[in-house]
Amino acid sequence: MDQAHESAPVVHDPRALRFRIELPQGTAELAYVPVTDNVLDFYSTWVPPGERGRRVGARLVAAALTHVRERGMRVVPSCWYVRRWIDAHPEHADLLA
């Protein structure tokens, strides 16, 4: 991963229900919708094609799950990428709704 990718922050935009990373080739996003006051459905992760393979999606998921954990919430991983990421990182399985 180059320095631009490492230093680009993950930003939570609660009005748009998104976590975002602004990158040279576009904006990467993890979109969610509240299911209940305590559960978020992570339904879509998108990374610009030229930015794929650089762990951008992983950074989005990790930041979003940190957000959930810090607030005592749970997640429904409707997005296939989020589901696979959690499966590969079982230390986050306790966040599943």
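Small disclaimer: the values here were computed from a predicted structure and weren't measured.

### Details of the sheet that holds strand β5 (residues 74-76)
Inference 1: Spatial ordering of the open sheet is given by β1-β2-β3-β4-β5, a layout of five strands whose pairing is mixed. Either end of the sheet is taken by a strand with one partner, and the two such strands are β1 (11-13) and β5. Put simply, the sheet's adjacent strands are angled 30 degrees from each other on average, direction ignored.
Inference 2: Two elements, β1 and strand β2 (residues 18-23), share three bridges in a ladder whose sense is antiparallel. Residue pairing in the sheet places V11 in a bridge with R20 of β2.

### As for unusual backbone geometry
Inference 1: Even without a glycine there, the phi angle at L17 is positive, about 60 degrees.
Inference 2: The topology assignment puts L17 in the loop between β1 and β2.
Inference 3: Here the phi dihedral of R55 falls at roughly 65 degrees; this positive angle occurs in a residue that is not glycine.
Inference 4: Mapping R55 onto the fold places it in the loop between β4 (39-46) and α2 (56-70).
Inference 5: For R55, a relative accessible area of 57% translates into the label exposed.

### Concerning the pairing of β4
Inference 1: For strand β3 (residues 26-36) and β4, the ladder comprises seven bridges, and the chain directions are antiparallel. Bridge pairing in β4 links V33 to D41.
Inference 2: Count of turn residues in the β3/β4 antiparallel hairpin: two residues.
Inference 3: With α2 bridging β4 and its parallel neighbour β5, the resulting β-α-β unit is right-handed.

### Quick notes on the nonpolar core
Inference 1: Counting 24 residues, the largest nonpolar core has I21, A28, L30, F42, L65 and V82 as the members making the most contacts within it.
Inference 2: L30 has contacts with L17, R18, F19, F42, S44, T45, L60, V61, A64 and V82, leaving out every residue within four places of it along the chain.

Parameters at a glance
Residues numbered from 1 in each chain as written. Predicted model: local features only at pLDDT ≥ 70, side-chain atom pairs only at ≥ 80, totals over all residues. Heavy atoms only, no water. Pairing = 2+ DSSP bridges. Helix = DSSP H or I, 4+ residues; strand = E, 2+ residues; numbered from the N terminus. Axes fitted to C-alpha atoms, helices over the stretch in contact; angles between N-to-C directions. Buried < 20%, exposed > 50% of the residue type's maximum accessible area, 1.4 Å probe, protein only. Right-handed = clockwise from strand over helix to strand, strands pointing away. Core = buried A, V, L, I, M, F, W, Y, C linked by side-chain atoms within 4.5 Å. Contact = heavy atoms within 4.5 Å.

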